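# Fold and contact review
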Amino acid sequence: MNEIYLDNSATTRPFPEIIDLMGRVQEETYGNPSSLHEKGVTAEQLLGKARRSLAPFFRDREKEIIFTSGGTEANNLAVIGTALRNCRRGKHLITSAVEHPSVLNCFRFLEGQGFRVSYIPVDKNGTLDLDKLERTVDEDTILVSIMHVNNEMGAVQPLQEIGPVIKKRTPDALLHVDAVQSLAKLPLAVDLWQADLVSCSAHKIHGPRGIGCLWIREGTLLQPLLYGGDQERGLRPGTENTPAIAGFGLIIRLMEEKLSKVEKSLMDLKLAFLEHLQDSGIHFFVNGPSPEKGAPHILNLSFPGLKAEVLLHSLEERGIYVSSGSACHSRRLEPSHVLTALGLEREKLDSALRFSFSVENTLAEVKEAAAVTAAAVRELAAFLKK
Amino acid sequence: MNTKILVRYGEIALKGKNRGQFEQQLLRNMKSAVSGSSTGITRLHGRFLVEGPAEKETFLIRQLQRVFGIVSLSPVTETALELEEIKTAAVRITKALPPGLKTFKVEARRSNKKFPLTSPELNSQLGAHLLHTFPGLEVRLQHPSFTLSVEIGYHSAFLYSENIAGPGGLPVRISGRALLLLSGGIDSPVAGWLSMKRGLAIEALHFHSFPFTSRKAEEKAVDLCRHLSLWGNRIPLHLMSITPVQKLLQSAVPSELRIIILRRIMIRLAEKLCNERKMKAIITGDNLGQVASQTLESLAVTEQASQMLILRPLIGMDKREIIRRAEAIDSYDISIRPHEDCCTLLVPKNPATKPKLEAVAEAEGCLDLSELLDEAYNTLETRTGNFIS
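Anyway, here's the lowdown on the structure attached to this text. Since we're looking at a predicted model, the values are computed, not measured. (Residues numbered from 1 in each chain as written. Chains lettered and ligands numbered in written order. Predicted model: local features only at pLDDT ≥ 70, side-chain atom pairs only at ≥ 80, totals over all residues. Heavy atoms only, no water.)

## Side note on the overall build of chain A
Each helix and strand in chain A was counted, giving 13 helices and 13 strands. What you see for chain A is a C-alpha radius of gyration of 21 Å, in line with the 21 Å of a compact globule of 386 residues. Projecting the C-alpha coordinates of chain A onto the three principal axes gives extents of approximately 70 × 55 × 35 Å. Burial statistics for chain A: of 386 residues in total, 59% are counted as buried. Relative to all contacts within chain A whose residues are 6 or more apart in sequence, the contacts with residues 24 or more apart total 74%. Here chain A displays about 16200 Å² of accessible surface, and carbon together with sulfur accounts for 51% of that area. Placing the 44 positive and 49 negative side-chain charges of chain A at their respective mean positions leaves the two points 2 Å apart. (Helix = DSSP H or I, 4+ residues; strand = E, 2+ residues; numbered from the N terminus. Rg over C-alpha atoms; globule rule 2.2 N^0.38 Å. Buried < 20%, exposed > 50% of the residue type's maximum accessible area, 1.4 Å probe, protein only. Contact = heavy atoms within 4.5 Å. Areas by Shrake-Rupley, 256 points an atom, 1.4 Å probe, with all protein chains shown as cover. Lys, Arg positive; Asp, Glu negative; His and termini not counted. Charge placed at Lys NZ, Arg CZ, Asp CG, Glu CD.)

Structure (structure tokens):
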């Protein structure tokens, strides 16, 4: 049975080049980058190379990149670090209702620490309510955190409009963008967004897990969450995870190369999948943004009458791997906060699956996946009707 | 310094000529419970002495508390058969007790009648010595705050102040082997535990209905097996898919009979597995009257699907008692993890509470039962990982 992996927003298969490089780094370049001898120097060179590979995705300034243990830590450092550092200037924080838990739960923590948090709603397409945002920013606002691409339904937030709205009202308010789902898929226009902090992760783009980064605009001050040595400018102490950092650097270079060569773009794959599913005649709905406007790799569909988990396992049985809602939610039996924020009816909430694509998927694969999904939906619907 | 733990086993000493066999099994089970901790076990008259590194005492006690057949345990001080040594040990034990214990008694037992003092003499001499050494203490024979016990054996004396309850029961394996139907719910692990307590070695059979249930429901069964395995035998877990059966029943039998026929098929599959692996009984977590499938009529009709002996250890327990027991053996937290087991899906709204065997047999007559059984049986997978961590 062919495996078709369509759960690339949960995590991706690391490229063989990455696994190979990480193995070699662990075998050969095992020195501590802080050591003065040659072993340390070669290890430190790896960090520099990785930083240089990542810098062009932001403002081409290496020193604005801090490596973290992943997207969750980058989000925590950005949100809690700025709130703690700026708490004397103001106590008001803003985020959206559809953020990833690694952002939302930071705000919940800060609420307990005496901060005031406003959660801006989204419309049925998943787009932030800009008017509401504009009315919510005040002189007490110190931080606004808005994700670039939503991990569950692929809405792309209009950061180019969001940034100016915030800065016009309160120039000192900082803008943090969770770009874990958009790195190497959409441009990170940090200057147009007027962003101050951007979080990224390697394992969503075929890199290693356990590594991410926080881009910090020069001059932005943060309170560290961990204390120790002066690695990563003291903002993220601890002996650097050199194999993973080297892997992050390599994957970002490889993705650039890969993206320039692909025959079909991610968007083409997604639309082809959708088209084939529509042609099959089964009954389903697209949740969140209209497919052309959403992120190129995320499609959230509801199959009313079915239970998402049952369909998920049924697809699994046929070699197709997808998520129900977001991977982080599937252990809980409550509907996802993101889909709930879209105002979906119960029937759609209970039957929502996320298909997420990668440069590794082919047109043939997505066509087959659509056909298999249609067959599984038909079979289950017939069985459950009795 | 070594720690010494005196292990008592009550019930099995009563079993006449089987006694040797019982003691052998208990010894084997104890050895496997404390293996890997440089521990030695010696057999004394009617009990065992477990000896191991002092820092392992808590570990050893916890492990031994899970060996069925053990009635109680006491960490002991061993001395030569000299009164002065016994007195010194008695003082040391008393000193180590938590402060604030004001009243005590001494309880001496003498299995070695050659020891110069009788038990009452020893009681009074040791008592007097302790009263003299610790002026704040008082003797009280009824409900003292601690009891210092002294056992005079043939080679040495044992002194202790603690008596820790063991799990009781019979050594696992002594009663034979049986198959537990393990659903992943609260009841079946308790049924398995109670069976092990009466000396059965068990294997487990879990029916899943992938894709209608998650693989994570199977992990729950695996975790339950690993957990029950702590109580004395590595429990192999057999997994079978019941999905083809459920699918067929959905279309081929009247809805009110689906559950009872499903259960009869499960029992037949269990019987087949028992025969293949030479097990002598099926154990279920059935409890009278909890749900429609557990009325006396349903249990009877289910039972008639096979020739195998079916044990239902929970039959006399209330739900509350079952939950309390599940909590006590720590299976409860695993059981309540939110994954649906294969019975909670596809349940018809009105299952028959008093099914008639004739009606059930007639409905089954329309099915190609042997082919269906083979199809389900062929999905059998067995996991025998190293459950004891």
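## Concerning the overall build of chain B
Counting its secondary structure elements, chain B contains 13 helices and 15 strands. For 389 residues, the compact-globule formula gives about 21 Å, and the C-alpha radius of gyration of chain B, at 27 Å, lies well above that figure. Its C-alpha atoms put chain B at 85 × 35 × 35 Å along the principal axes. Taking all 389 residues of chain B together, the buried fraction comes to 53%. Once local pairs closer than 6 in sequence are excluded, the contacts in chain B between residues at least 24 apart make up 79%. Total accessible area on chain B stands at roughly 18100 Å², and carbon and sulfur atoms take up 52% of it. Looking at chain B, you have 50 positive and 40 negative side-chain charges, and the mean spots of the two groups are 5 Å apart.

## A word on the sheet that holds strand E13 (residues 281–283) of chain B
Residue and element names in this part refer to chain B. Reading across from one edge, E14-E13-E10-E11-E12-E15 is the order of the six strands in this open sheet, with mixed pairing throughout. The sheet terminates laterally at strand E14 (309–311) and strand E15 (381–383), the two strands that pair on one side only. Here the strands of the sheet are splayed against their neighbours by 30° on average, with no regard to which way each runs. Across five bridges, the pairing between strand E11 (residues 200–208) and strand E12 (residues 237–241) is parallel. Within E12, the residue paired with histidine 206 across the bridge is leucine 239. (Pairing = 2+ DSSP bridges. Axes fitted to C-alpha atoms, helices over the stretch in contact; angles between N-to-C directions.)

## Things to note about the sheet that holds strand E6 (residues 174–178) of chain A
All names here are of chain A. Ordered in space as E2-E8-E7-E6-E5-E3-E4, the seven strands form an open sheet in which the pairing is mixed. Two strands bound the open sheet, and with one partner strand each, they are strand E2 (65–68) and strand E4 (116–120). Adjacent strand axes in the sheet meet at a mean angle of 20° when their direction is disregarded.

## Thoughts on helix H4 (residues 101–112) of chain A
Residues and elements named next belong to chain A. With twelve residues, H4 ought to run about 16 Å at 1.5 Å a step, and its terminal C-alpha atoms sit 16 Å apart, in line with that. Within H4 the residues assigned to the buried category are Pro101, Ser102, Val103, Leu104, Cys106, Phe107 and Leu110. Where H4 is buried, its residues contact helix H3 (71–85), strand E3 (92–96), E4, strand E5 (141–147), E6 and helix H11 (337–341). Following H4 by one or two positions, glycine 114 adopts a phi angle in the positive range, close to 100°. (Expected span 1.5 Å × (residues − 1).)

## What to know about the environment of leucine 384 of chain A
Residues and elements named next belong to chain A. Residue position: leucine 384 is located in helix H13 (residues 363–385). The exposure class of leucine 384 is partly exposed, given its relative accessible area of 36%. For the pair leucine 384 and glycine 288, spaced 96 residues apart in sequence, the C-alpha to C-alpha distance is 27 Å.

## Some details on the side chain of histidine 92 of chain A
All names here are of chain A. Note that histidine 92 resides in strand E3. Judged by relative accessible area, histidine 92 falls into the buried class, the value being 0%. At 2.7 Å, the side chain of histidine 92 forms a polar contact with the side chain of serine 118. Aside from chain neighbours lying at most four places away, what touches histidine 92 is Arg116, Ser118, Thr136, Asp138, Asp140, Thr141, Ile142 and Leu143. (Polar contact = N/O pair within 3.5 Å; in protein donor to acceptor, adjacent residues only side chain to side chain.)

## Quick notes on the packing of aromatic side chains
For the structure shown, the criterion picks out eleven aromatic pairs over all chains. Relative to phenylalanine 48 of chain B, the ring of tyrosine 9 of chain B has its centre 5.3 Å away and its plane inclined at 40°; by these criteria the two rings are tilted. Taken as a pair, tyrosine 9 of chain B in the loop between strand E1 (2–8) and helix H1 (19–33) and phenylalanine 48 of chain B in strand E3 (residues 47–53) lie far apart in primary sequence, 39 residues in all. Phenylalanine 48 of chain B gets classed as buried once you look at its relative accessible area, which sits at 0%. Among the aromatic residues, those joined into a cluster by ring pairs are Phe273, Phe284, Phe303, Phe355 and Phe357 of chain A. One cation-aromatic arrangement involves lysine 56 of chain B over phenylalanine 59 of chain B; the distance from NZ or CZ to the ring centre is 5.4 Å. The ring of tyrosine 377 of chain B carries the charged tip of lysine 272 of chain B above its face, separated from the ring centre by 4.9 Å. (Phe/Tyr/Trp six-rings, centres within 6.5 Å; stacked < 30°, edge-to-face > 60°. Lys NZ or Arg CZ within 6 Å of the ring centre and 35° of its normal.)

## Observations concerning a negative patch on the surface
The grouping of Asp123, Asp129, Asp131 and Glu134 of chain A at the surface amounts to a negative patch. Structurally, the position occupied by glutamate 134 of chain A is in helix H5 (residues 130–136). (Patch = residues over 30% accessible without salt bridge, like charges linked within 9 Å, V, L, I, M, F, W, Y side chains within 5 Å. Salt bridge = Lys/Arg side-chain N within 4 Å of Asp/Glu carboxyl O.)

## Comments concerning the nonpolar core
All names here are of chain A. In this structure, Phe58, Leu133, Leu183, Val198, Cys200 and Phe248 are the most contacted members of the largest nonpolar core, which totals 64 residues. Among residues more than four places away in sequence, those in contact with phenylalanine 248 are Leu54, Phe67, Leu183, Cys200, Ser201, Ala202, Pro208, Ile211, Gly212 and Cys213. Judged by nonpolar contacts, the second largest core, of 34 residues, contains Ile4, Phe284, Phe357 and Ala374. (Core = buried A, V, L, I, M, F, W, Y, C linked by side-chain atoms within 4.5 Å.)

## What about the packing of helix H1 (residues 16–28) of chain A against helix H8 (residues 242–261) of chain A?
Helices that pack against each other are described as a pair by the angle of their axes relative to one another and the distance between those axes. Residue and element names in this part refer to chain A. Axis separation between H1 and H8 bottoms out at 9 Å; the angle between their running directions is 150°. For the element pair H1 / H8, the angle class is roughly antiparallel. Considering the relative orientation of H1 and H8, their crossing is right-handed. For the pair H1 and H8, contact is made by Glu17, Ile18, Leu21, Met22, Val25 and Gln26 and by Thr242, Pro243, Ala244, Ala246, Gly247, Leu250, Ile251 and Leu254, respectively. Tallied by class, residues from the contact of H1 with H8 come to ten nonpolar, three polar and one charged. (Parallel < 35°, antiparallel > 145°, perpendicular 65-115°, else oblique. Left-handed = near helix turned anticlockwise from the far one by under 90°. Nonpolar A, V, L, I, M, F, W, Y, C, P; charged D, E, K, R; others polar.)

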